[in-house]
Amino acid sequence: MIKPEGVCVRIPASTANLGPGFDTLGMALSMYSWIGMKGSKETVIHLYGDEMDGIPTDKSNLVYKVAQMVFREAGVQVPELEISMYSDIPLTRGLGSSASAIVGALFAANELIGSPLSEAKLFDMATAIEDHPDNVGASLFGGLITAIWDGLHADYIRMEPHEELEVLVVIPDFQLSTSEARKALPEQISRKDAVYNISRSSLLVAALAQGRLDLISRAMSDRLHQPYRAELVPGMAEILENAVDHGALGIALSGAGPTLLALVERHSQRKKELETYLLNTMKAEGIRASASWLSPSREGALLIGSMPSGSFLEMIKGEVKA
Ligand code: HSE
């Protein structure tokens with residue numbers, strides 16, 4: 001049964017890997033995008049905000065195409081859609097903007113037709129599109145996600161982020177596509193490096209699950225992807241080496257980059273010191289960057305109402321950053 005009033009959903013940004021958990025660990029962040037969706041006589045796509053440059057407004061639009069996948073899977077026909085999108089998540093910076101669009105499209109389309117598909121099915125579909133479960137899992141379920149993907153099905157466990165965890169992201173003003181950043185990675189690694197990562201990734205998950213914030217700095221290091229991606233992000237090597245000495249609990253490249261993400265104790269006295277250190281290090285490399293203080297988002301994809309009959313921005317106002 002298609003909801004004639006349409007739906008409006010909110011989807012969080014996400015960080016992936018958290019250092020050693022390449023393609024397996026993800027965390028949702030308190031930065032969001034919104035998608036409105038409704039059946040229509042003809043397809044029309046409205047884009048709002050600075051992060052939408054270059055996004056198509058015809059049926060080649062990712063959100064439109066992914067919504068049609070849901071309808072096909074459910075055996076329902078909704079060929080024409082009115083879609084509205086607004087996002088605070090910067091594009092191609094390692095904060096899961098494409099994952100949020102995919103998850104938002106799947107979730108909104110499924111809600112629009114009365115939720116015939118389970119969340120587990122949506123997760124499998126999202127992972128098949130994105131190719132790894134870390135960003136999409138976090139955007140869909142919120143919190144911290146550890147997940148595996150066998151090419152058909154994703155299994156996961158969601159953990160509640162520790163209340164003391166805060167997140168500082170430093171977002172360089174250049175884009176780095178995931179495919180580019182994956183090209184930098186070697187096909188093979190040594191057993192020594194494999195053990196290095198498995199041990200740290202396992203310890204990191206256990207430390208996050210048990211609230212052992214004291215172990216994060218040592219558990220967050222990585223030999224699987226960050227050393228190979230360091231030359232793509234000027235200042236990254238130095239920051240990964242020294243950020244803990246400037247007050248971070250741990251530091252990592254966020255997803256495929258170029259954003260760098262520090263976990264910070266919420267009541268730390270050294271937040272300003274850390275932010276200044278990160279921005280100055282980037283600046284010294286000639287990189288302009290902006291810093292944002294975020295929290296882990298406990299909520300994943302969320303239905304916030306029906307598609308507004310008036311202004312889309314009016315409906316989500318108060319929630320958006322700008
Ligand atoms: N785990 C992926 C990577 C995340 O690091 O390539 C990219 O979004």
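All figures in this text were calculated on a predicted structure; none of them were measured in a lab. (Residues numbered from 1 in each chain as written. Predicted model: local features only at pLDDT ≥ 70, side-chain atom pairs only at ≥ 80, totals over all residues. Heavy atoms only, no water.)

1. Notes on the UniProt feature "binding site: ATP" (unreviewed entry) in the chain
- The sites that UniProt annotates as "binding site: ATP" (unreviewed entry) are Pro90, Leu91, Thr92, Arg93, Gly94, Leu95, Gly96, Ser97, Ser98, Ala99 and Ser100.
- Excluding residues that lie within four positions of it along the chain, Pro90 makes contacts with Met31, Glu51, Leu95, Ser97 and Ile171.
- Of note, Leu95 is situated in the loop between strand 4 (81–87) and helix 2 (97–112).
- A relative accessible area of 0% means that Leu95 is categorised as buried. (UniProt positions renumbered as here; feature names shortened; annotations may be inferred. Contact = heavy atoms within 4.5 Å. Helix = DSSP H or I, 4+ residues; strand = E, 2+ residues; numbered from the N terminus. Buried < 20%, exposed > 50% of the residue type's maximum accessible area, 1.4 Å probe, protein only.)

2. Notes on the pairing of strand 1 (residues 7–16)
- Among the 10 residues of strand 1, 10 are classified as buried, and the element is accordingly described as predominantly covered.
- Note: strand 1 against strand 2 (residues 25–39), 10 bridges, orientation antiparallel. Residue Arg10 lies in a different strand from strand 2, and its bridge partner there is Trp34.
- Sheet topology places strand 1 next to strand 11 (residues 302–305); three bridges connect them, and they run antiparallel. Looking across to strand 11, one finds that Arg10 is bridged to Leu302. (Pairing = 2+ DSSP bridges.)

3. Comments concerning the domain arrangement of the chain
- Domain boundaries in the chain define domain 1 (7–160 + 298–316) and domain 2 (165–294).
- If you average the C-alpha positions of domain 1 and of domain 2, the two centres end up 25 Å apart.
- If you look at the interface, domain 1 gives 24 residues, while domain 2 gives 39 residues.
- Both sides together, the interface formed by domain 1 and domain 2 hides about 2200 Å², and carbon and sulfur atoms give 66% of it.
- Among the residues of domain 1 in contact with domain 2, Pro20, Phe22 and Arg93 are the three that bury the most area, contributing 29% of the side total.
- In this assembly, domain 1 and domain 2 are joined by one salt bridge.
- Linking Asp23 and Arg182 is a salt bridge whose minimum nitrogen-to-oxygen distance equals 2.6 Å.
- Along the contact surface separating domain 1 from domain 2 lie 13 residue pairs in polar contact (both at pLDDT 80 or more).
- Among the secondary structure elements, those contributing two or more residues to the side of domain 1 that touches domain 2 are strand 1, strand 2 and strand 5 (144–149).
- Along the lines of polarity and charge, the residues of the side of domain 1 that touches domain 2 split into 13 nonpolar, nine polar and two charged. (Domains from an automatic or database assignment. Buried area = accessible area lost by both parts, 1.4 Å probe. Salt bridge = Lys/Arg side-chain N within 4 Å of Asp/Glu carboxyl O. Polar contact = N/O pair within 3.5 Å; in protein donor to acceptor, adjacent residues only side chain to side chain. Nonpolar A, V, L, I, M, F, W, Y, C, P; charged D, E, K, R; others polar.)

4. A few points about the nonpolar core
- Counting residues in each nonpolar core, the largest one holds 42 residues, and the members touching the most others are Ile35, Met37, Phe71, Leu81 and Ile83.
- The set of elements that each furnish at least two residues to this core consists of strand 1, strand 2, helix 1 (62–74), strand 4, helix 2, helix 3 (119–130), helix 4 (133–141) and strand 5.
- If one sorts the elements of this core by residue count, helix 2 sits on top with 10 residues.
- Dropping the residues within four chain positions of it, Phe71 is found in contact with Val76, Val78, Leu81, Ala109, Leu112 and Ile113.
- Residues Ala13, Ile89, Met159 and Ile216 belong to the second largest nonpolar core, which totals 26 residues. (Core = buried A, V, L, I, M, F, W, Y, C linked by side-chain atoms within 4.5 Å.)

5. Describing the pattern of salt bridges
- Applying the stated rule across the entire model yields 15 salt bridges.
- When the shortest N-O distance is used, the salt bridge between Asp173 and Arg288 registers 3.1 Å. Of the two residues, Asp173 is situated in the loop between strand 7 (165–172) and helix 5 (178–183) and Arg288 in the loop between helix 10 (271–284) and strand 10 (289–294); the sequence distance between them amounts to 115 residues.
- Note on Arg288: relative accessible area 62%, which makes it exposed.
- Between Glu275 and Lys272 there is a salt bridge, with its nearest N and O atoms 3.8 Å apart. Here the residue Glu275 and the residue Lys272 both occupy positions in helix 10, the gap between them amounting to three residues, near one helical turn.
- Linked through salt bridges whose partners overlap, the residues forming this network are Arg158, Glu160 and Arg298.

6. Structural notes on the UniProt feature "domain: GHMP kinase N-terminal" (unreviewed entry) in the chain
- Within this structure's numbering, the places UniProt gives as "domain: GHMP kinase N-terminal" (unreviewed entry) are residues 61–143.
- Note that residues 61–143 is 60% helix and 8% strand, and that its end C-alpha atoms are spaced 28 Å apart.

7. Looking at the site of the ligand
- Surrounding the ligand, one finds Ala16, Asn17, Phe22, Asp23, His132, Asp134, Asn135, Thr178, Arg182, Arg229, Gly255 and Ala256.
- Within the side chain of Arg182, a nitrogen or oxygen atom sits 2.6 Å from an oxygen atom of the ligand.
- Look at the ligand: alone it shows 260 Å² of surface, and the protein chains cover 96% of it.
- Elements with a minimum of two residues in the shell around the ligand: helix 4 and helix 5.
- Residue composition of the shell around the ligand, grouped by class: three nonpolar, five polar and four charged.
- Built from parts of two domains, the shell around the ligand gets at least three residues from each of domain 1 (7–160 + 298–316) and domain 2 (165–294). (Near = heavy atom within 4 Å. Areas by Shrake-Rupley, 256 points an atom, 1.4 Å probe, with all protein chains shown as cover.)

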